[in-house]
Amino acid sequence: MAQNKDPLITLSSLDGLEEETLYTEQPDDFDGVRSKRVFAYIIDLVCIFFLTIAANVIAALMGIISLGTLTPILVLAITMVPLGYHTLTVGSQWNATVGMRMMGLEVCLLDGREPDYITAFLHAALFYVTMALTSFLLLAISLFNAKGRLLHDFITNSVIKRSHPKPA
């Protein structure tokens, strides 16, 4: 007897869009999304700040215990804190970072599916790479589309919208 099980991780953002998408919009899905994204990111920066402090304390203790041999690896691990934060929170069941949840936002894919961890990783990595390359200039892209999408949203076929209660 064969059971049909879904894979634990799918490459949902790499599948591409079918002709007919499952994504449906409600009229108020994008009301105030741009400003809420800014405030959500500020909240996320505070969370990342405290996570980085905790990671630095742990790294310092590990560096002392290992007599400095782990220091290069620990430095790399500390720089991965923001990427890990975004990946683990957006890929979770809430589909949003702590800041997004506080501002009533969530990430969803244009085909109606929820982002998996690989999609969340790509979304976060593209965000940080484009921010580093353009010095916040990429934020202007949201002014030229009705949904307030940014470059990394377009590449990963995702959208940030107001969250609504999920059906049980």
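Residues numbered from 1 in each chain as written. Predicted model: local features only at pLDDT ≥ 70, side-chain atom pairs only at ≥ 80, totals over all residues. Heavy atoms only, no water.

## So, the packing of helix H3 (residues 81–90) against helix H5 (residues 117–134)
Closest axis-to-axis distance for the H3/H5 pair is 8 Å, and the angle between their directions is 140°. Judged by the inter-axis angle, H3 sits oblique to H5. Judged by the twist between their axes, the crossing of H3 over H5 is right-handed. Across from Pro82, Leu83, His86, Thr87, Leu88 and Val90 in H3, the residues of H5 making contact are Tyr117, Ala120, Phe121, Ala124, Ala125 and Tyr128. Classifying every residue of the contact of H3 with H5 by side-chain character gives ten nonpolar, two polar and no charged. (Axes fitted to C-alpha atoms, helices over the stretch in contact; angles between N-to-C directions. Helix = DSSP H or I, 4+ residues; strand = E, 2+ residues; numbered from the N terminus. Parallel < 35°, antiparallel > 145°, perpendicular 65-115°, else oblique. Left-handed = near helix turned anticlockwise from the far one by under 90°. Contact = heavy atoms within 4.5 Å. Nonpolar A, V, L, I, M, F, W, Y, C, P; charged D, E, K, R; others polar.)

## Comments concerning the packing of aromatic side chains
Scanning the entire structure with this criterion turns up three aromatic pairs. For the ring pair Tyr41 and Phe127, a centre distance of 5.4 Å and an interplane angle of 70° mean the geometry is edge-to-face. Of this pair, Tyr41 sits in helix H1 (residues 33–65) while Phe127 sits in helix H5; the two residues are 86 residues apart in sequence, bridging distant segments of the chain. Residue classification places Tyr41 among the partly exposed positions, given a relative accessible area of 22%. Residue classification places Phe127 among the buried residues on the basis of a relative accessible area of 11%. An angle of 70° between the planes, with centres 5.3 Å apart, marks the rings of Phe49 and Phe50 as edge-to-face. Since its relative accessible area comes to 48%, Phe49 is described here as partly exposed. A relative accessible area of 52% means that Phe50 is categorised as exposed. Chaining the aromatic ring pairs together yields one cluster made of Tyr41, Phe127 and Tyr128. Taking the ring centre of Trp94 as reference, the NZ or CZ of Arg101 above it sits at 4.3 Å. (Phe/Tyr/Trp six-rings, centres within 6.5 Å; stacked < 30°, edge-to-face > 60°. Buried < 20%, exposed > 50% of the residue type's maximum accessible area, 1.4 Å probe, protein only. Lys NZ or Arg CZ within 6 Å of the ring centre and 35° of its normal.)

By themselves, these figures tell us nothing about what the structure is for.
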